Amino acid sequence: MEIGISTFVETSPDVETGEVMSHAQRLHEVVEEIVLADQVGLDVYGVGEHHRKDYAASAPAVVLAAAASQTKRIRLTSAVTVLSSADPVRVFQDFATLDGISNGRAEIMAGRGSFIESFPLFGYDLNDYDALFDEKLELLLKIRESEKVTWRGGHRPAIDDLGVYPRPVQNPLPIWIGSGGNTESVIRAGMLGLPLVLAIIGGSPVRFAPLVQLYKKAAAHAGHDASQLPVASHSHGFIAESTQAAADKFFPSTQQSMNVIGRERGWGHYDRSAYDAARSFEGALYVGDPETVARKIIHLRKNVGITRFFLHVPLGTMPHEDVMRAIELLGTEVAPRVREEISGWEAENEAKQ
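Residues numbered from 1 in each chain as written. Predicted model: local features only at pLDDT ≥ 70, side-chain atom pairs only at ≥ 80, totals over all residues. Heavy atoms only, no water.

**Concerning the packing of aromatic side chains**
Thinking step 1. Under the counting rule described, the total for this entry stands at six aromatic pairs.
Thinking step 2. Ring centres of Phe-119 and Tyr-129 lie 5.5 Å apart, and the angle between their planes is 35°; this geometry places the pair in the tilted category. Taken together, the positions of Phe-119 in helix α4 (residues 118-121) and Tyr-129 in helix α5 (residues 129-145) put the pair 10 residues apart, joining distant regions of the chain.
Thinking step 3. Overall, Phe-119 belongs to the buried group, its relative accessible area being 0%.
Thinking step 4. What makes Tyr-129 partly exposed here is its relative accessible area of 23%.
Thinking step 5. Linked through ring pairs, Phe-8, Tyr-55 and Phe-115 together constitute an aromatic cluster.
Thinking step 6. Above the face of the Phe-115 ring, Arg-265 is positioned so that its terminal group lies 4.7 Å from the ring centre. (Phe/Tyr/Trp six-rings, centres within 6.5 Å; stacked < 30°, edge-to-face > 60°. Helix = DSSP H or I, 4+ residues; strand = E, 2+ residues; numbered from the N terminus. Buried < 20%, exposed > 50% of the residue type's maximum accessible area, 1.4 Å probe, protein only. Lys NZ or Arg CZ within 6 Å of the ring centre and 35° of its normal.)

**Let's talk about the packing of helix α10 (residues 290-304) against helix α11 (residues 320-352)**
Thinking step 1. Contact pair α10 / α11: the axes reach a minimum separation of 9 Å and the direction vectors enclose 35°. Along this stretch, α10 crosses α11, giving a crossing that reads as right-handed. On α11, the residues that touch Pro-290, Glu-291, Val-293, Ala-294, Ile-297, Ile-298, Arg-301 and Lys-302 of α10 are Leu-329, Glu-333, Val-334, Arg-337, Val-338, Glu-341, Ile-342, Trp-345 and Glu-346.
Thinking step 2. Residues of the contact of α10 with α11, tallied by class, amount to 10 nonpolar, no polar and seven charged. (Axes fitted to C-alpha atoms, helices over the stretch in contact; angles between N-to-C directions. Left-handed = near helix turned anticlockwise from the far one by under 90°. Contact = heavy atoms within 4.5 Å. Nonpolar A, V, L, I, M, F, W, Y, C, P; charged D, E, K, R; others polar.)

**A word on the environment of Leu-173**
Thinking step 1. Inspection of the secondary structure assignment puts Leu-173 in the loop between β7 (159-163) and β8 (175-179).
Thinking step 2. Classification of Leu-173 by relative accessible area gives buried; the value is 0%.
Thinking step 3. Each C-alpha atom, one on Leu-173 and one on Ser-58, is 21 Å from the other, the two residues being 115 residues apart in sequence.
Thinking step 4. Leave out the neighbours within four places in its chain, and Leu-173 touches Phe-92, Phe-95, Ala-96, Asp-99, Ala-106, Ile-108, Arg-144 and Pro-168.

**Examining the pairing of strand β3 (residues 75-78)**
Thinking step 1. Of the two faces of β3, both are covered, the one formed by Arg-75 and Thr-77 as well as the one formed by Leu-76 and Ser-78.
Thinking step 2. Two elements, strand β2 (residues 44-47) and β3, share four bridges in a ladder whose sense is parallel. Each residue of the ladder has a partner; that of Gly-46, found in β3, is Thr-77.
Thinking step 3. At this point the chain moves from β2, through helix α2 (residues 60-68), to the parallel β3, and the crossover so formed is right-handed.
Thinking step 4. Bridge analysis of β3 against strand β5 (residues 106-111) gives two bridges, and the strand direction is parallel. Considered in β5, the bridge of Leu-76 is made with Ala-106. (Pairing = 2+ DSSP bridges. Right-handed = clockwise from strand over helix to strand, strands pointing away.)

**Things to note about α2**
Residues three or four positions apart in an α-helix share a direction because the helix packs 3.6 residues into each turn.
Thinking step 1. Inspection of α2 places Pro-60, Ala-61, Val-63, Leu-64, Ala-67 and Ala-68 among the buried residues, and these make up the whole buried set. Down the axis of α2, the sector holding all buried residues measures 160°, keeping them to one side. (Arc of directions from axis to C-beta.)

**Here's the deal with the environment of Val-9**
Thinking step 1. Within the secondary structure, Val-9 sits in the loop between β1 (2-7) and α1 (23-39).
Thinking step 2. In the structure, Val-9 is positioned 62 residues away from Thr-71 in sequence and 19 Å away in space, judged by C-alpha atoms.
Thinking step 3. With residues up to four places along the chain from it excluded, the contact list for Val-9 reads Arg-26, Leu-27, Val-30, Val-47, Tyr-55, Ala-56 and Ala-57.

**Considering unusual backbone geometry**
With glycine set apart, most residues show a phi of negative sign, and most peptide bonds adopt trans.
Thinking step 1. Note that the residue after Tyr-165, namely Pro-166, is joined by a cis bond; omega there is 0°.
Thinking step 2. Within the fold, Pro-166 resides in the loop between β7 and β8.
Thinking step 3. Residue Val-313 is joined to Pro-314 through a cis peptide bond whose omega torsion reads 0°.
Thinking step 4. Along the polypeptide, Pro-314 turns up in the loop between β12 (308-312) and α11.
Thinking step 5. With a phi angle near 60°, Asn-103 is a residue other than glycine that sits in the positive phi range.
Thinking step 6. Here Asn-103 lies in the loop between α3 (88-101) and β5.
Thinking step 7. Positive phi is not limited to glycine here, since Asp-161 has a value of about 55°.
Thinking step 8. Within the secondary structure, Asp-161 sits in strand β7.
Thinking step 9. Residue Asp-161 is classed as partly exposed on the basis of its relative accessible area of 47%.

Written out as structure tokens, the structure is:
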């Protein structure tokens, strides 16, 4: 069971003061957060790609490379790379470069993205939303498979027997598929034999169990060893010494972020009652003291089949010292509890078979 962090490197206004930190300051902070995550033994850190004023990371590979030379073990991934509006050649080159700098710790998490700002920015038509992703994923996988590439598609100039460099340390360079729970994307990931990441940010996480089963079934149908394919989840959360402290600290920025996005997407107002309901044992918020958060992650592993868990923190703008403390608690107290429990549970299951 792998435990890690994901972040979108947000620079939304401070809830109390209204002040907005610079993109540069938040980028410096997130590198410090990645370094700490490595020091406390976390397995993976993911940085999301966005192209809007309230997010500082439009180039995740660059952010991760800044941390790569200061870390030793932690895996470094996008979360996600918006592949539909990117050039797969450049994406591969960026992450192969990161792989070299980190000595084989880079990963790509490819997805459509839930924000659309990158499409007009890079000159793509939203009417081609699905076709762009399908075609570009095909090309990315072809580049991963072979140093020299010959390829033709409908949305990018053809490539005729050209090399793509540098080549990564890892062969193959890990490519995961990020999904918000869309059945089609889950089946595609399974058919391609690619690891799957599910964004579980609302409702009950247990309801994603049928999607994991569908993914495994599609993988097996395509001839892949489904038992060897990892499944990850990404969920909002926060850890403090007490559950009440965690809940109170995480609510203001969460409410602000959810209502900003909610106004853009026509959601209802997000209030404390909705937040507290999501903090329940069956809810999608992983907020609490180390024991509370560990129990929820263990429940997710046993009942949904998740083998890698991303705690998404911060959501919105939070004090850097609070985020650092949450990362420290995740690495030193939550992760050991989860690993010990899951290790014993898996050994018990193997003995029964």
